[in-house]
Amino acid sequence: MTTTYDLQLLADEHLARAEGSAHGRSAHLLLSEPPLRQSVIALTAGNALDEHSRPVAATLQVLRGTVRLTAAAGDVTLVAGQLLPIPPERHGLTAVTDAAVLLTAVTS
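Residues numbered from 1 in each chain as written. Predicted model: local features only at pLDDT ≥ 70, side-chain atom pairs only at ≥ 80, totals over all residues. Heavy atoms only, no water.

Trainee: Go over the nonpolar core with me, naming the residues and quoting the values.
Mentor: Core analysis: the biggest nonpolar cluster contains 15 residues, and Leu60, Val67, Leu78, Leu93 and Val101 have the highest contact counts within it. Contributing elements (two or more residues each) for this core: strand E2 (36-43), strand E4 (57-64), strand E5 (66-71), strand E8 (91-95) and strand E9 (99-106). Residues contacting Leu93, with those up to four places away along its chain left out, are Leu43, Asn47, Ala48, Leu49, Leu60, Val67, Arg68, Leu69, Thr70 and Val101. Counting residues in each nonpolar core, the second largest holds eleven residues, with Ala11, Leu15, Leu30 and Leu102 among its members. (Core = buried A, V, L, I, M, F, W, Y, C linked by side-chain atoms within 4.5 Å. Buried < 20%, exposed > 50% of the residue type's maximum accessible area, 1.4 Å probe, protein only. Helix = DSSP H or I, 4+ residues; strand = E, 2+ residues; numbered from the N terminus. Contact = heavy atoms within 4.5 Å.)

Trainee: Go over unusual backbone geometry with me, naming the residues and quoting the values.
Mentor: The omega torsion of the bond from Pro34 to Pro35 falls at 10 degrees, within 30 degrees of zero and hence cis. Tracing the backbone shows Pro35 in the loop between strand E1 (25-33) and E2.

Trainee: So what's going on with the sheet that holds E5? Residues and values would help.
Mentor: Consider a sheet: its strands pair through backbone hydrogen bonds, and that pairing is either parallel or antiparallel. Across the sheet, which stays open at both edges, the four strands sit in the order E3-E8-E5-E6 with antiparallel pairing between neighbours. Strands at the two margins of the open sheet, each flanked by one partner only, are strand E3 (48-52) and strand E6 (76-79). Here the average twist between neighbouring strands, direction ignored, is 20 degrees. Here E5 pairs with E6 via four bridges, running antiparallel. Paired with Leu69 across the strands is Val76, a residue of E6. (Pairing = 2+ DSSP bridges. Axes fitted to C-alpha atoms, helices over the stretch in contact; angles between N-to-C directions.)

Following this line, the structure appears as structure tokens:
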């Protein structure tokens, strides 16, 4: 049987974990079936994922809150319910408010 995930429940769970974390973040790998990977990432307001490279292809879907994706091509602010293809360049992610996102990546 295929596993199903309640993304809203996972967002709530990981936001609570992020609030209790010294680094203000929590992540959970949902799916790892190469080349596809999906993770829920939660960040408390003001916390960030430092600049890093993008995999072959990736999208970011905001489940809760507001985030800002920073990249050389320009910053993009996203709110809950929005989805963005991540640009093919180094980028970072900052939580404007407490936020949870679903990262979908193709790794090869």
